[in-house]
Amino acid sequence: MQFFKKIFAGTIFLLFFFVFSSYGADVPKIAIVDLQKVSELSSAGKKIRAEITKKGKAMETELKTKATEIQKLEKGLEREAPVMSKEQRESKKREINIKLYDLKSLEKRYKEELFKFQNEKLKKMNKEVFEIVQEIGKKEGYLLIIEKMGVLYAPQSIDITEQLIEKYNAKFAK
């Protein structure tokens, strides 16, 4: 029984030896890329974040202006309520409620617009990044390039993120 185990182990060893030695000259290259880092450090990524922030702040400013206007109407109603007729108070309350509803609708619409704007910009950026990853992969003979987020461990030596950022900045930064 021991003899068969030794023969089996020897056969497995020889099999692995021949398989790996035949690939020895042509070891497949694997790399990882940190797309989050590309988004944060590339010129295009910084530009996109600035555009999204600018658009978001403009929307926020408009919403704050409308909210301030509603607060003024509410304070005016509180101040003038004792001297107003019941119909006038109800009319002012209705006006305030309509403005509140409009503000909430506008806020919802702005959130959707900003989300859509952000997704469009990031989708375009991802397309550009993937083009460069394809170029790098083909040019340098990589078998596989994986996004770092799903990798539990990889040595820093196979991380090509910096190379990707340089090529992306050179090709698409305007």
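That block above? That's the structure.
Residues numbered from 1 in each chain as written. Predicted model: local features only at pLDDT ≥ 70, side-chain atom pairs only at ≥ 80, totals over all residues. Heavy atoms only, no water.

A. Representation of the overall build of the chain within the structure. Within the chain one finds 5 helices and 2 strands. Across the chain, helices and strands are ordered from the amino to the carboxyl terminus as α-β-α-α-α-β-α. Out of the 174 residues in the chain, the part that is buried amounts to 23%. Look at the contacts in the chain between residues 6 or more apart in sequence, and 82% of them connect residues 24 or more apart. With the model as given, the accessible surface of the chain reaches about 13,400 Å², and the carbon-plus-sulfur share is 60%. (Helix = DSSP H or I, 4+ residues; strand = E, 2+ residues; numbered from the N terminus. Buried < 20%, exposed > 50% of the residue type's maximum accessible area, 1.4 Å probe, protein only. Contact = heavy atoms within 4.5 Å. Areas by Shrake-Rupley, 256 points an atom, 1.4 Å probe, with all protein chains shown as cover.)

B. Broad picture of the packing of aromatic side chains. Inspection of every chain in the model, using the stated rule, returns 0 aromatic pairs. Seen from the ring of Y142, K29 lies directly overhead, with NZ or CZ sitting 4.6 Å from the centre. Above the face of the F117 ring, K55 is positioned so that its terminal group lies 4.5 Å from the ring centre. (Phe/Tyr/Trp six-rings, centres within 6.5 Å; stacked < 30°, edge-to-face > 60°. Lys NZ or Arg CZ within 6 Å of the ring centre and 35° of its normal.)

C. Structural detail: the pattern of salt bridges. Inspection of the entire model under this criterion finds 8 salt bridges. Residue K37 is joined to E162 by a salt bridge in which the shortest nitrogen-to-oxygen separation is 3.0 Å. Of this pair, K37 sits in helix 2 (residues 35–41) while E162 sits in helix 5 (residues 161–172), placing them 125 residues apart in sequence. By relative accessible area, which is 28% here, K37 ends up partly exposed. (Salt bridge = Lys/Arg side-chain N within 4 Å of Asp/Glu carboxyl O.)

D. Quick peek at the environment of P28. One can find P28 in the loop between helix 1 (2–23) and strand 1 (29–33). Relative accessible area serves as the criterion here: at 45%, P28 is assigned to the partly exposed category. Along the primary structure P28 and Y142 are separated by 114 residues, whereas in three dimensions their C-alpha atoms are 6.8 Å apart.

E. Quick peek at the packing of helix 4 (residues 86–140) against helix 5. For the pair helix 4 and helix 5, the least separation of the axes is 10 Å and the interaxial angle reads 120°. Between helix 4 and helix 5, the angle is such that the two are oblique. For the element pair helix 4 and helix 5, the recorded crossing hand is right-handed. Of helix 5, the residues touching helix 4 (which contributes M125, E128, V129, E131, I132, V133, E135, I136, K139 and E140) are Q163, L164, K167, Y168, K171 and F172. Partitioning the contact of helix 4 with helix 5 into residue classes produces 8 nonpolar, 1 polar and 7 charged. (Axes fitted to C-alpha atoms, helices over the stretch in contact; angles between N-to-C directions. Parallel < 35°, antiparallel > 145°, perpendicular 65-115°, else oblique. Left-handed = near helix turned anticlockwise from the far one by under 90°. Nonpolar A, V, L, I, M, F, W, Y, C, P; charged D, E, K, R; others polar.)

F. Layout of helix 4. The end-to-end C-alpha separation of helix 4 is 80 Å, in line with the 81 Å expected for 55 residues at 1.5 Å each. Buried within helix 4 we find I96, L103, L106, Y110, F117, M125, E128, V129, I132, V133, I136 and G137. Check the buried side of helix 4 and you find it contacts helix 2, helix 3 (43–80), strand 2 (142–147) and helix 5. Just downstream of helix 4 lies G141, where phi reads positive at about 70°. (Expected span 1.5 Å × (residues − 1).)

G. Expanded view of the layout of surface pockets. Taken as a whole, the second largest pocket holds about 170 Å³ of empty space. Every residue along the wall of the second largest pocket is listed here: G56, M59, E60, L63, L103, E107, Y110, K111 and L114. Elements represented by at least two residues in the lining of the second largest pocket include exactly helix 3 and helix 4. Broken down by element, the lining of the second largest pocket gets its largest block of residues, 5 residues, from helix 4. In terms of residue class, the lining of the second largest pocket is made up of 5 nonpolar, 1 polar and 3 charged. (1 Å grid on protein atoms, 1.4 Å probe; cavity = no way out; pocket = protein on both sides within 12 Å on 5 of 7 lines; lining within 4 Å. Points joined across faces, edges and corners; volume = space filled by probe spheres on them.)

H. Local environment of the packing of helix 3 against helix 4. It is at 10 Å that the axes of helix 3 and helix 4 come closest, and there the two elements cross at 175°. Relative to helix 4, helix 3 is oriented roughly antiparallel. In terms of residue class, the contact of helix 3 with helix 4 is built from 17 nonpolar, 3 polar and 14 charged.

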